[in-house]
Amino acid sequence: MVLDLLASGLVFSSIIVLGSIGLSLIYSIANFANFAHGDTMTVGAYAAFVTFGAVGGLGFGILGLPLGFFVALLVGIVAAAVVAVVTEKIVYDGMNAGSIELLITSIGIAFIYRAIIQMGFGADFTRFDVQTLRPIEALLPYGVRVTLHDVAIVVSAIILVGSLHALLQYTDLGRKMRAMADNPDLARVSGIRTDRVKLWTWIIGAGLAGSGGVFLGLYNQLSPRMGFNLLLLIFAAVILGGIGSVYGAMLGGFLIGVINQLTPVLSDIRFLTEMGAMLPLVPDSFGIVIGIEYANAIAFVIMVAVLLVRPNGIAGEAV
Amino acid sequence: MGVLSDPKGYWADLTRAERGVVASVVAFAVLLLAGLLTGALSPTYFLFLVGIAGMYALLSFGLNSQWGFSGLINFSVAAFFGIGAYGTALMSADSSPIAGGYLPIVGLFVALAVAGVLALAIGIPTLRLRADYLAIASLGLAEVVRLVVLNERQLTNGSAGVRGIPQFFEGWPVLATLPQQMPGLVVRPFPGTELVLETPFWGALLNVAVVVAFVGVSYGILRRAHRSPWGRVLRTIRADEDLARALGKNTYAFKMQSFVLGSLIMALAGVFYAHLNLFVSPGDLDPVTTFYVWVAVILGGSGSNRGALFGGVVIVTIREGTRFLSGLSEFVLDLGVVALQFDLSFISSNVAPLRFLLIGVLIVVLMRYRPQGMLPPQRELIWPSVVDDPPSKLESGVRGVKAGESDE
């Protein structure tokens, strides 16, 4: 069972990682906690949903997904990036406000995105019109139930994250972004056009979020609240990894995703459920059962604990 | 300087924003009165709205004492509201799985005690954090509280909620049965309209009395507290925490006190809500309540209690006013020659997202163009006597010295 949970943890972490990289990039370069990031994911998911409905399957498929789905994925990424850039240009850019004011503004933006999506598509759950697959036969003997779609999510996430790594390490833009995340003032005096780098940060961050949203829709369902519901988990991942560190966000996203899916293991731990029988002066029936419904709560508690003990995250420098 | 003794002077003394707010409040009151007198708005529902507005005003006071005065970004308003509501509901309701059957006044104190403990539990780890971390952490912990209320069925009835909550005055000598004993009245303000005032009306009137008392007491306490030396330290912390620390203040302790005080007022709002609605469910802890209250505080003006009051009323207008939209289907504008017909089914079928859109746009527009809110704090932070009798010569003297034109 643990293997199966680990596998679904890997799939879920791929989605969290895609969201958390963008959030971390924007946090470090635009310098505020973007509460609209989750709803940017929703924008990407619904853009892909519309595109997929329009272009259809387009013949042959890869990993159980028709080619049209990948076209839709691309559209989702572009749509999320465009929406984010337009928002940045119209709203955040001219504000000249502190990070707190920007944070509160981004909540308003999140509401606007969600409201518009809900007006267009209703509050109900929808699904991508792809065939639901059976778990891969070869892995069933090990108790692992993953579908080809899950594999597609993980592979696509690895490709996207890998190309971001290449971009950050080997291109001019990547070096500028890292410089700016490190010290914006220093970056500016050394002649980096910080405005342009900031714009690219929004494009990359929101684009990755859009792809995360599309995969989330494929993994679960689409609903106007899907992104906002995931937002706190993504924050937990970013904080666990250390704000501003892209590689930390990857690691944090991976850990949060796996921990989230591993929650059923906790309710099986004998010590927790039979605490009363082991401790004196406590009724025998007493025990803490941490069920699957507390999966998110565990992540939030981890987040607060990390903020207290190591505010710079596991990948950041210790205080 | 009273409104009644010298209305002209009072008007002249107001800033432009204050005039706008006063004018719109008066216009809104006239509109409501007209609705009442013509029978378009039932008196009982009107009193319910007043109660809800008072509840939002309390929540805004609570948040204002945290964000407006000490600069704490608390995104767990809904959690404290819900704890207040559940605290009193579980003590007093028939269907309560743990206690139940106690007087609501016992529930009030239990709810406040639980909220105080929760405030300490959330505050101790989070108040040392940077401002934006506090926002994320408090939102996360509020979600943990919501999940616990939703899932611990043996304690809270889970998603079924708690029913059978008594009225607030249950068990009091006279007030408990007052609504039943009051005679039914029929008022005819105009020929043709008829207002029937019966038991529900008197019950609602009692609820309004409760919330007015709560709001009045909280307003008085906050007003006094924020003008005291304690309040000045809080404002210093908001402006510059390092400065407050350099002056020898234990900023963590001050922030904690402010956080607990605000949380208690939020819980008070929850207690009132439980005895108004007579039913609580985990849906009442939805984070969207938190953002409603934030809008109220930002709209009113961070740090301003009368602004918070104003913001609370506006939020209720948005929340309840959009309900009327769901009844619309089409709107015909008859210009005599041509009749314009608007299809409004899009609006009526999209009330919930429209409300979201309105709230979102309100937040963005406010933060972009008027971050200080409609009624930013001005005179209310200073003792009135200081403003009313300004030392007449001081200002020019100070200016002279500043410009280096001293007499010597």
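Just above, that's the structure.
Bear in mind that the values here come from a model prediction, so they are computed numbers and not experimental data. Positions within a chain are numbered from 1, following the residues in the order the chain's sequence is written. Numbering of ligands from 1 and lettering of chains from A proceed in the order in which they are written. Totals for whole chains, interfaces and linings use every residue, but because this is a predicted model, local features are given only for residues with pLDDT of at least 70 and side-chain atom pairs only at 80 or more, for both listing and counting. Neither water nor hydrogens contribute to the side-chain values; these are computed over all heavy atoms in the structure.

### Concerning the overall build of chain B
And then number 1: Under the DSSP-based scheme used, a helix requires at least four consecutive residues in state H or I and a strand at least two consecutive residues in state E, with every element numbered from the N terminus. In terms of helices and strands, chain B carries 18 helices and four strands.
And then number 2: Burial classes follow relative accessibility: with a 1.4 Å probe on protein chains only, a residue under 20% of its type's maximum area counts as buried, one over 50% as exposed, and anything between as partly exposed. When burial is assessed residue by residue, chain B has 47% of its 408 residues classed as buried.
And then number 3: Residues count as neighbours in contact if any of their non-hydrogen atoms are within 4.5 Å of one another. A sequence separation of at least 24 residues applies to 74% of the contacts in chain B between residues at least 6 apart.
And then number 4: A 1.4 Å probe and the Shrake-Rupley method give the accessible areas. Residues count as covered only by the protein chains that appear here. Element-wise, carbon and sulfur atoms account for 65% of the exposed surface of chain B, whose accessible area totals about 19500 Å².

### What to know about the overall build of chain A
And then number 1: Of the regular secondary structure elements, chain A holds 14 helices and two strands.
And then number 2: For chain A, the residues scored as buried account for 53% of the 319 residues in total.
And then number 3: Put simply, of all contacts in chain A between residues at least 6 apart along the chain, 75% involve residues at least 24 apart.
And then number 4: Summing over all exposed atoms, chain A offers an accessible surface of approximately 13800 Å²; the carbon and sulfur share of this is 64%.

### Some details on a nonpolar patch on the surface
Residue and element names in this part refer to chain A.
And then number 1: Taken together, the side chains of Leu 10, Leu 251, Phe 254, Leu 255, Ile 259 and Ile 314 define a hydrophobic patch exposed on the protein surface, amounting to about 450 Å² of accessible area.
And then number 2: Looking at the nonpolar patch element by element, the count peaks at four residues for helix 10 (residues 246–261).
And then number 3: Relative to the helices and strands, Phe 254 is located in helix 10. Each patch groups residues whose relative accessible area exceeds 30% and which form no salt bridge, using 9 Å between like charges and 5 Å between nonpolar side chains of Val, Leu, Ile, Met, Phe, Trp and Tyr. A side-chain nitrogen of Lys or Arg and a carboxyl oxygen of Asp or Glu constitute a salt bridge if their distance falls within 4 Å.

### Some words on the interface of chain A and chain B
And then number 1: Contact with chain A, which involves 39 residues of that partner, is made by 41 residues of chain B.
And then number 2: Note on chain A versus chain B: buried area summed over both sides is about 3500 Å², and carbon and sulfur give 81% of it.
And then number 3: Here the quantity called buried area is the total loss of accessible area, with a 1.4 Å probe, experienced by two parts when brought into contact, counted for both. Together, Ile 104, Phe 111 and Met 119 of chain A form the three largest contributors to the area buried by chain A at its contact with chain B, with a combined 19%.
And then number 4: Taken together, the links from chain A to chain B amount to one salt bridge.
And then number 5: In this structure, Asp 286 of chain B and Arg 225 of chain A form a salt bridge, with 3.6 Å as the shortest nitrogen-oxygen distance.
And then number 6: Counted as a polar contact is a pair of N or O atoms within 3.5 Å, where, for protein atoms, one must be capable of donating a hydrogen and the other of accepting one, and residues adjacent in sequence contribute only when both atoms are in side chains. The tally of links between chain A and chain B comes to four residue pairs in polar contact (both at pLDDT 80 or more).
And then number 7: The element best represented in the side of chain A that touches chain B is helix 4 (residues 99–121) of chain A, accounting for 15 residues.
And then number 8: Its residues assigned to classes, the side of chain A that touches chain B shows 30 nonpolar, five polar and four charged. Classes in brief: Ala, Val, Leu, Ile, Met, Phe, Trp, Tyr, Cys and Pro nonpolar; Asp, Glu, Lys and Arg charged; the others, Gly included, polar.

### Thoughts on unusual backbone geometry
And then number 1: The phi angle at Asn 31 of chain A is positive, at roughly 65°, despite the residue not being glycine.
And then number 2: With respect to the helices, strands and loops of the structure, Asn 31 of chain A is situated in the loop between helix 1 (2–29) and helix 2 (37–55).
And then number 3: Positive phi, close to 60°, is recorded for Leu 278 of chain B, a residue that is not glycine.
And then number 4: Residue position: Leu 278 of chain B is located in the loop between helix 12 (251–277) and helix 13 (287–300).

### Observations regarding the nonpolar core
And then number 1: Buried residues of nine kinds, namely Ala, Val, Leu, Ile, Met, Phe, Trp, Tyr and Cys, make up a nonpolar core once their side-chain atoms join them within 4.5 Å. Phe 35 of chain A together with Phe 75 of chain B are the most contacted members of the largest nonpolar core, which has 182 residues in total.
And then number 2: No other element matches helix 12 of chain B, which puts 14 residues into this core.
And then number 3: One finds Leu 47, Trp 202, Ala 204 and Val 208 of chain B within the second-largest nonpolar core, a separate group that totals six residues.

### Considering the packing of helix 2 of chain A against helix 3 (residues 67–92) of chain A
Residue and element names in this part refer to chain A.
And then number 1: To define axes, lines are fitted to C-alpha atoms, for helices over the stretch in contact only, and angles between the resulting N-to-C directions are given on a 0 to 180 degree scale. Helix 3 packs onto helix 2 with a crossing angle of 140° between their chain directions and a minimal axis gap of 7 Å. Looking at the two axes, helix 2 sits oblique to helix 3. The element helix 2 and its partner helix 3 pack so that their crossing is right-handed. Judged by residue contacts, Thr 40, Val 43, Gly 44, Ala 47, Ala 48, Thr 51, Phe 52 and Val 55 of helix 2 engage Gly 68, Phe 69, Ala 72, Leu 73, Val 75, Gly 76, Ala 79, Ala 80 and Val 83 from helix 3. In this scheme, roughly parallel covers angles under 35 degrees and roughly antiparallel covers those over 145, while 65 to 115 is roughly perpendicular and the rest are oblique. Take the far helix as your reference; a near helix turned counterclockwise from it by less than a right angle gives a left-handed crossing, and one turned clockwise gives a right-handed crossing.

### As for the packing of helix 1 of chain A against helix 8 (residues 194–219) of chain A
When two helices pack together, you describe them by how their axes are tilted relative to each other and by the distance separating the axes.
All names here are of chain A.
And then number 1: Helix 8 packs onto helix 1 with a crossing angle of 160° between their chain directions and a minimal axis gap of 8 Å. For the element pair helix 1 / helix 8, the angle class is roughly antiparallel. When you trace helix 1 past helix 8, the crossing you get is left-handed. Here helix 1 contributes Ser 8, Val 11, Phe 12, Ile 15, Leu 18, Ile 21, Gly 22, Leu 25, Ile 26 and Ile 29 to the contact with helix 8, which in turn contributes Lys 198, Thr 201, Trp 202, Ile 204, Gly 205, Leu 208, Ala 209, Ser 211, Gly 212, Phe 215, Leu 216 and Tyr 219.
And then number 2: For the contact of helix 1 with helix 8, a count of residues per class yields 15 nonpolar, six polar and one charged.

### Here we look at the pattern of salt bridges
And then number 1: Counted by the stated rule, this structure contains eight salt bridges over all chains.
And then number 2: Where Lys 89 of chain A meets Asp 93 of chain A, a salt bridge forms, and the shortest distance between an N and an O atom there is 3.6 Å.
And then number 3: Residue Lys 89 of chain A is classed as partly exposed on the basis of its relative accessible area of 47%.
And then number 4: Residue Asp 93 of chain A is classed as partly exposed on the basis of its relative accessible area of 40%.
And then number 5: Through salt bridges that share partners, Glu 241, Asp 242, Arg 245 and Lys 255 of chain B make up one connected network.

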